[in-house]
Amino acid sequence: MNIKIRNLKEQDLSRVLEIANQSFSIPWSLKSFKNELLNPHSILKVAEFNGEIVGYIVLRKILDEAELLSIAVKPELRRKGIATELIKNVLNEVKDSVKTCFLEVRVSNNEAISFYEKIGFKKAGLRKKYYLLPEEDAIIMKLDLF
């Protein structure tokens, strides 16, 4: 697949919202995405395939740490390397200023956990009752960049 990764623009938000709605039981709102776009510490990118937005990622830097806040790929195009390209792209962008990247993932989301482990993330802790609909704990994962 020939995937192009670029910065997310405000005009991309309707397509990004569609992907978020297809991916999460409680997806981010338009306001949440707009707030991140305005945050100078946040990086928002989209993946394009044949000119269509097929995935997105949101990462926020805090001093020398980063948190992967959201990532999703159009359901019918998952497991084709798009999410890997998105993560590699943002991590490459912050590699000189960030030591560690964190994320949370549902304890039951074995596919995502396996995906993050393949990239190098390791389980670092647990957040009780972090998710709603359904209520569920989150595994905290971390990746040391240097």
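Within each chain, residues carry numbers counting from 1 in the order of the written sequence. Per-residue local features are limited, in this predicted model, to residues with pLDDT of at least 70; the limit for side-chain atom pairs, both in listing and counting, is 80 or more; totals at the level of whole chains, interfaces and linings are taken over all residues. Values shown for side chains rest on all heavy atoms present in the structure; no hydrogens or waters enter the calculation.

Q: In this structure, what is going on with unusual backbone geometry? I would like to understand it.
A: Here Leu 133 and Pro 134 are connected by a cis peptide whose omega angle stands at -5 degrees. In this fold, Pro 134 is placed in the loop between strand S6 (122–131) and strand S7 (136–144). With a phi angle near 55 degrees, Leu 63 is a residue other than glycine that sits in the positive phi range. Every helix listed is a DSSP run of H or I at least four residues long, and every strand listed is a run of E at least two residues long, numbered separately from the N terminus. Relative to the helices and strands, Leu 63 resides in the loop between strand S3 (52–62) and strand S4 (65–73). Between buried and exposed lies partly exposed: a residue is buried under 20% and exposed over 50% of the maximum accessible area for its type, with that area taken using a 1.4 Å probe on protein chains only. Residue Leu 63 is classed as exposed on the basis of its relative accessible area of 81%.

Q: Can you help me understand the side chain of Glu 36 in this one?
A: Mapping Glu 36 onto the fold places it in helix H2 (residues 30–38). Take Glu 36: its relative accessible area is 7%, and that puts it in the buried class. By definition in these notes, contact holds between two residues if any of their heavy atoms fall within 4.5 Å. When residues no more than four places from it in sequence are discounted, the contact partners of Glu 36 are Trp 28, Ser 42, Leu 44, Val 58, Arg 60 and Leu 69.

Q: I tried to follow the sheet that holds strand S5 (residues 100–106) on my own but got confused; where do I start?
A: Hydrogen bonds between backbone groups are what pair the strands of a sheet, and the pairing can be parallel or antiparallel. When DSSP locates at least two bridges between a pair of strands, those strands are taken to pair. Sheet architecture is open: seven strands sit in the order S1-S2-S3-S4-S5-S7-S6, paired in mixed fashion. The open sheet terminates on both sides in strands that have one partner only, identified here as strand S1 (3–7) and S6. Shown here is a sheet whose adjacent strand axes are inclined to one another by a mean of 25 degrees, direction ignored. In this fold helix H1 (residues 13–23) packs onto strand S2 (42–49), S3 and S4, with an angle of close to 85 degrees to the strand it touches most, S3. Strands in contact with helix H3 (residues 82–94) are S1, S2, S3, S4, S5 and S7; relative to S2, the strand with the most contacts, it is inclined by about 145 degrees. Between the N-to-C directions of two axes lies an angle of 0 to 180 degrees, each axis being a line fitted to C-alpha atoms and, for a helix, fitted only over the stretch in contact.

Q: Looking at this model, I keep getting lost on the packing of H1 against H2. Mind explaining?
A: Packed helix pairs are specified by the crossing angle of their axes together with the interaxial distance, meaning the distance between the axes. Where H1 contacts H2, the axes come no closer than 10 Å and their chain directions differ by 125 degrees. The pairing of H1 with H2 is recorded here as oblique in orientation. Where H1 crosses over H2, the two elements pack in a sense that is right-handed. Where H1 approaches H2, its residues Leu 13, Val 16, Leu 17 and Ala 20 are matched on the opposing element by Leu 30, Phe 33, Lys 34 and Leu 37. Under the scheme applied here, ten amino acids are nonpolar (Ala, Val, Leu, Ile, Met, Phe, Trp, Tyr, Cys and Pro), four are charged (Asp, Glu, Lys and Arg), and all others, including Gly, are polar. Of the residues belonging to the contact of H1 with H2, the class tally is seven nonpolar, no polar and one charged. Geometric relationships in this document are graded by angle, where less than 35 degrees denotes roughly parallel, more than 145 denotes roughly antiparallel, 65 to 115 denotes roughly perpendicular, and other angles denote oblique. Here is the rule for handedness: rotate from the far helix to the near one, and if that takes an anticlockwise turn smaller than a right angle the crossing is left-handed, while a clockwise turn gives right-handed.

Q: Please clarify how the packing of aromatic side chains should be interpreted in this entry.
A: The criterion for an aromatic pair is that two Phe, Tyr or Trp rings (for Trp, the six-membered ring) have centres within 6.5 Å, with stacked assigned to planes under 30 degrees apart, edge-to-face to planes over 60 apart and tilted to the rest. Tallying each qualifying case throughout the model produces five aromatic pairs. For the ring pair Phe 33 and Tyr 56, a centre distance of 5.3 Å and an interplane angle of 80 degrees mean the geometry is edge-to-face. Taken together, the positions of Phe 33 in helix H2 and Tyr 56 in strand S3 put the pair 23 residues apart, joining distant regions of the chain. As far as burial versus exposure is concerned, Phe 33 and Tyr 56 are alike and both buried. Members of the aromatic cluster, joined through ring pairs, are Trp 28, Phe 33 and Tyr 56.

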